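# Close look at the chain arrangement
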Amino acid sequence: MKIGFIGLGIMGKPMAKNLLKAGHELIVLNKNKSAGELKALGAESAETPAELASKTKTIITMLPNSPEVKEVALGKNGLIEGATKGSVLIDMSSIAPLASREIAEALSKNGVEMLDAPVSGGEPKAIEGTIAVMVGGKKEVFDANYDIMMAMASSVVYVGEIGAGNMAKLCNQIVVALNIAAVSEAMVLAQKAGVSPDLVYKAIRGGLAGSTVMDAKAPMMMDRNFAPGFRIELHMKDMSNVLETSRKVGVPLPLASQVMEIMQAIKQDGCDVEDHSSIVKFYEKIANTEVSR
């Protein structure tokens, strides 16, 4: 299929490459700094979202947050100006569920369908093509586009109506953030007590405490490797959407609120562009220690 792809960042670029590997044709925006790399691999280009939408019925967006998706979809020279009846927007960004519903409603007036399909897994899994995708929208639209999403993923799960995909992602981000914080506390406790964090990690990872998050982030903490697979600033954006949504539906989230404050604190130390494993630095600072192997 010919697919338009907007948003060639840390996650979007490898996802787009995996679509090319699967045999799909791509159209990308010229203004993106990674467009040249994709064009060298055979992708076409367009100058605006409207032009891109006029060249294909299937568009994928992978953008930072709700305002960027709204602008690309509904703004001047946006997708809505070029898309025709029967076109589908698969928004794989992580945005507020209510924003997904607003965009979908506006597009539907022009006969354009939408899926909200945020992803989990970070850059390594985006490169491998093994991200997890959680999808909201009409079931028949999901079914028709399932194979496209599976070309970038190991898991694509239908969650419900439009907005449900992003609600699932917000739940995912709560669990990930709190898990990183828990691993951080444990590693700092071991270090300060004079016990090897590496040996503690090896001892507990096979039991009930073990998790994908621990296996991904504990080694990064011990190796002092905070190169971003998923930046603190992006996780803060997701947690902001978590807390905004929780207030609107009336659900107290005391632990999610606390980890957001931890992220705010380390942002002030200049860690917001580092990987979210740098949450450990908050605990190191207040314990006056540094985790190492």
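In case you missed it, the structure is sitting above this.
Residues numbered from 1 in each chain as written. Predicted model: local features only at pLDDT ≥ 70, side-chain atom pairs only at ≥ 80, totals over all residues. Heavy atoms only, no water.

## Brief notes about the environment of Ile-180
Along the chain, the position of Ile-180 falls in helix H9 (residues 164-192). Contacts of Ile-180, omitting those with residues within four sequence positions, involve Val-213, Lys-217, Met-221, His-276, Ser-277 and Ile-279. (Helix = DSSP H or I, 4+ residues; strand = E, 2+ residues; numbered from the N terminus. Contact = heavy atoms within 4.5 Å.)

## What about the pattern of salt bridges?
Per the stated rule, a full pass over the model turns up 19 salt bridges. Between Lys-13 and Glu-37 there is a salt bridge, with its nearest N and O atoms 3.1 Å apart. Taken together, the residues Lys-13 in helix H1 (residues 12-21) and Glu-37 in helix H2 (residues 35-40) connect sequence positions 24 residues apart. The exposure class assigned to Lys-13 is partly exposed, which follows from its relative accessible area of 23%. Put simply, Glu-102 and Lys-70 hold a salt bridge, and the shortest N to O gap is 2.9 Å. Taken together, the residues Glu-102 in helix H6 (residues 97-108) and Lys-70 in helix H4 (residues 66-74) connect sequence positions 32 residues apart. Given a relative accessible area of 45%, Glu-102 falls into the partly exposed group. Counted as one network, the salt bridges with shared partners bring together Asp-198, Lys-202, Asp-223 and Arg-293. (Salt bridge = Lys/Arg side-chain N within 4 Å of Asp/Glu carboxyl O. Buried < 20%, exposed > 50% of the residue type's maximum accessible area, 1.4 Å probe, protein only.)

## Thoughts on the pairing of strand E9 (residues 153-160)
The sheet contact formed by strand E8 (residues 131-136) and E9 spans six bridges and is parallel. The residue bridging Val-135 from the neighbouring strand is Tyr-158, located in E9. One crossover worth recording links E8 to the parallel E9 by way of helix H8 (residues 139-150), and it is right-handed. (Pairing = 2+ DSSP bridges. Right-handed = clockwise from strand over helix to strand, strands pointing away.)

## A word on H8
Relative to the 16 Å expected for twelve residues at 1.5 Å per residue, H8 spans 16 Å between its end C-alpha atoms, a close match to the ideal helical length. For H8, the full list of buried residues reads Val-141, Phe-142, Asn-145, Ile-148 and Met-149. On an axial view of H8, the arc spanned by its buried residues comes to 110°, and they lie on one face. Every exposed residue of H8 that faces more than 90 degrees away from the buried side is listed here: Glu-140, Ala-144 and Asp-147. (Expected span 1.5 Å × (residues − 1). Arc of directions from axis to C-beta.)

## As for the pairing of strand E5 (residues 88-91)
The alternating pattern of E5 places Val-88 and Ile-90 on one face and Leu-89 and Asp-91 on the opposite face, and all of these are buried. Alignment of strand E4 (residues 58-61) against E5, held across four bridges, turns out to be parallel. Note that in E5 the partner of Ile-60 across the bridge is Ile-90. By the bridge criterion, four bridges tie E5 to strand E6 (residues 113-116) in an arrangement that is parallel. Each residue of the ladder has a partner; that of Asp-91, found in E6, is Asp-116. Crossover E5 to E6 through H6 is right-handed.

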